[in-house]
Amino acid sequence: MKQDLTSKQITIVGAGLSGQAAARFLVERGAEVTLSDMRAAAEIPQLDRLSALPIRFDMGGHSLKCFSQADLIVISPGVCLDIEPLNVARAHAVPIIGEIELAACHLDAPILAVTGTNGKSTTVSLLGAALQQCGKEVFVGGNLGTPLIEACAQDELDYLVVELSSFQLETIDRFCPHYALLLNLSADHLDRYPDLDSYYAAKLNLFRNMTTAHTAVLNADDEAVVQLTADLSCRKVYFSAKGSLAEGMGREGEELVWRWQGEEVRFALSKLSLQGAHNVENVMAALIPALIEGCSSEKVWSAVCRFEGLRHRMNLVRELDGVRWYNDSKGTNIGSVQKSLAGFETPVTLIAGGKDKGGDYRLLAEELRRTVTHLILIGEAAERMVHELDGVVPIHRVDSLEQAVSLAQQVTSDGGNVLLSPACSSFDMFENYARRGDIFCELVGALETGGGA
């Protein structure tokens, strides 16, 4: 149900992309908006774009008055729920929601929501492309880049395809997707959550309001996914990259096989531009909602086959002196790096490290032994990574990404690969994973021939 926001005193916490988008939306609807952030205004990109709007800026810290006297608090995904200003708001019975919840209350099109530890952005992009190929008007965004609240300015949308992080799912109330895709579950963000169960619980919030009228798309090969969704009341549709399914999306040899309500459709994997076992799972998950919605199997498969992948996710940057250089800066957790390494059959020099997220780096040992000849570490997490991976492969510690790229060229032989896949967030050295990836590409592009092993 759409809210009347006229003259409401609303404090937005966090002045990043979603916070700024929420501020514009609320001002347009007559709310009296305060934008609050711990950072100084000069440290926040694009904040000056809001300067012409009637917004109160509470920068460089949080004024408690903005929280205790508000009618509503809207928090950005990066804001921890236990900060003192939010406790003050709770003490004054002020409702606290996230940008996703705010947006969903003002949107009418069906929401197709995607979460999981890895593969979210690729799956969202694939699903959006498949629906668009079938002539649908589709918003694609959320955690992927464009805040969901911006969809409120778009008319006549058929679908909203939304990537959701665990942080965004912490603050939902009535949010209810038409389709909810849970791709996989593994350890991540343990710098934010006290334990793995808490992280999983945040992910499972996605299903809290779903009924028999809604559909969950689930990975049958992921034990945690299957166990934790066993009691869902909504319809469940499974995909499996390890075998065939009597109903759902399975794999038989080099074909994907969709069986649904007596229908069978086969898709040849050889046609895909995307490579890697993890991307087969992403493709399977993305196909299911489009096919259930009645889209042409030929059209959705055509769209999926043309998709070449996202920036900063296993992108080939260049080949120099027989060495292939890959940018996987979006590999910000251990599970993601495991999947990326699993796609290599020839030796890899791995550049990893950054801001520690609390995962167990020892889980990388098997893949490191199989294919990595040199592990080059940067950032705050390097010390702990050395401690947990000592003796597994030769380890080198350097002070910068520039040094890492230079050393990688020196130690990697003809026929090998250099992979930037950090297993960590970027925030100790870079503003985000995209900037880290861009700098890596610039450094690799500047290398000269003859500098390798």
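Scroll up for the structure.
To keep things clear, this report deals only with the structure shown in the data block. In this text the structure is predicted, and so the values were computed from the model without any measurement. (Residues numbered from 1 in each chain as written. Predicted model: local features only at pLDDT ≥ 70, side-chain atom pairs only at ≥ 80, totals over all residues. Heavy atoms only, no water.)

1. Details of the sheet that holds strand β15 (residues 315-320)
Thinking step 1. Judged by pairing direction, the sheet is mixed, and its six strands sit side by side in the order β15-β16-β20-β17-β18-β19 without closing on themselves. Looking at the sheet topology across the chains shown, the edges are occupied by β15 and β19 (395-397). When the angles between neighbouring strand axes are averaged without regard to direction, this sheet yields 20°.
Thinking step 2. On the sheet, helix α11 (residues 334-342) packs against β17 (348-353), β18 (372-378) and β20 (417-420) and is oriented at approximately 170° with respect to β17. (Pairing = 2+ DSSP bridges. Helix = DSSP H or I, 4+ residues; strand = E, 2+ residues; numbered from the N terminus. Axes fitted to C-alpha atoms, helices over the stretch in contact; angles between N-to-C directions. Contact = heavy atoms within 4.5 Å.)

2. Points about the packing of aromatic side chains
Thinking step 1. Scanning all chains against the criterion turns up seven aromatic pairs.
Thinking step 2. Measuring from centroid to centroid gives 5.7 Å for Y193 and Y199, while their planes differ by 50°, and the two rings are tilted. Assigned by exposure class, Y193 and Y199 land together as buried.
Thinking step 3. Considering the side-chain rings of W325 and F440, the 6.4 Å spacing of their centres and the 45° angle between planes classify their relative orientation as tilted. Of this pair, W325 sits in strand β16 (residues 323-327) while F440 sits in helix α15 (residues 433-445), placing them 115 residues apart in sequence. For the pair W325 and F440, one class covers both residues: buried.
Thinking step 4. Through a chain of ring-to-ring contacts, the aromatic side chains of F167, Y193, Y199 and Y200 assemble into a single cluster.
Thinking step 5. Geometry around F167 places R192 over its ring, the cationic atom sitting 3.9 Å from the centre. (Phe/Tyr/Trp six-rings, centres within 6.5 Å; stacked < 30°, edge-to-face > 60°. Buried < 20%, exposed > 50% of the residue type's maximum accessible area, 1.4 Å probe, protein only. Lys NZ or Arg CZ within 6 Å of the ring centre and 35° of its normal.)

3. Overview of the sheet that holds strand β5 (residues 96-98)
Thinking step 1. With parallel pairing, the five strands of this open sheet are ordered in space as β3-β2-β1-β4-β5. Because the sheet does not close on itself, it has two edges, and the strands there are β3 (55-59) and β5. Taken over all neighbouring pairs, the strand axes of this sheet differ in orientation by 25° on average, direction set aside.
Thinking step 2. Pairing of strand β4 (residues 72-75) with β5, which is carried by three bridges, proceeds in the parallel orientation. What sits directly across from V74, in β5, is I97.
Thinking step 3. The sheet strands contacting helix α1 (residues 17-28) are β1 (9-13), β2 (32-37) and β3, and the helix crosses β1 at an angle near 165°.

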